[in-house]
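Listed below are the residues making up each chain.
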Amino acid sequence: MLRRHHTVAAALMLLLGGCMAAPSCLPGEEGFMESRLYFGRSIAGQPEPDAVTEADWAAFVAAEITPRFPNGFTVLNGTGHWRGDAGGTTEREYSKVLEVLSPAPERAQAAEKLKAIASAYRVRFRQQSVLQSTSTVCTRFHD
């Protein structure tokens, strides 16, 4: 019985993994990997709201992001909210969100580039972590 559950679970994982790898796109659309990195701008011991200033961010983009994704990317401003402690205190932090679309054949290379960008940000701005989300999406240009 246990083996059957493992077999069913493995089949479901393959099925779901296949859906993630190849979305059903409409005619004229193309499947891409959409990745986002969420960069907190607070630095321990620095004043808010811009511990990582716009100038700091621009220099980081020029040095770390643009060379890795010269074909394009999007940067959004954000404000993150989360429970910061067991007492339920809600924390807030200004952030930058990097969004990158990568064609299917370039997924592995894009993943390595994003990992390097996150690592560089953590080191440069003394961050504990950088959040990454990845999904498969269908895209098209409307001309």
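Residues numbered from 1 in each chain as written. Predicted model: local features only at pLDDT ≥ 70, side-chain atom pairs only at ≥ 80, totals over all residues. Heavy atoms only, no water.

## Quick notes on the state of the cysteines
If you walk through the whole model with that rule in mind, you get one disulfide. The residue that forms a disulfide with C25 is C138, at a sulfur-sulfur distance of 2.2 Å. Between C25 and C138, the disulfide has an S-S torsion of -85° and is therefore left-handed. Of the two residues, C25 sits in the loop between α1 (2-21) and β1 (30-40) while C138 sits in strand β4 (residues 131-139), which places them 113 residues apart along the sequence. (Disulfide = S-S within 2.5 Å. Helix = DSSP H or I, 4+ residues; strand = E, 2+ residues; numbered from the N terminus.)

## Examining the confidence of the model for the protein
Taken as a whole, the protein shows an average pLDDT of 84; of its residues, 80% reach a score of 70 or greater. Low pLDDT, under 50, characterises residues 1-21; the stretch is placed with five contacts to residues that sit more than four places away or in other chains. (pLDDT = per-residue confidence, 0-100. Contact = heavy atoms within 4.5 Å.)

## A look at the packing of aromatic side chains
Within the structure shown, the criterion is met by eight aromatic pairs. Considering the side-chain rings of W57 and Y121, the 6.1 Å spacing of their centres and the 70° angle between planes classify their relative orientation as edge-to-face. With a gap of 64 residues between them, W57 in helix α2 (residues 54-65) and Y121 in helix α3 (residues 107-124) connect regions that are remote in the sequence. Grouping residues by exposure puts W57 and Y121 together as buried. (Phe/Tyr/Trp six-rings, centres within 6.5 Å; stacked < 30°, edge-to-face > 60°. Buried < 20%, exposed > 50% of the residue type's maximum accessible area, 1.4 Å probe, protein only.)

## A word on the pattern of salt bridges
If you walk through the whole model with that rule in mind, you get four salt bridges. Among the ionic pairs, E99 bridges to R36, the shortest N-O distance being 2.6 Å. Taken together, the positions of E99 in strand β3 (residues 90-103) and R36 in strand β1 put the pair 63 residues apart, joining distant regions of the chain. Since its relative accessible area comes to 17%, E99 is described here as buried. Judged by relative accessible area, which is 27%, R36 ranks as partly exposed. (Salt bridge = Lys/Arg side-chain N within 4 Å of Asp/Glu carboxyl O.)

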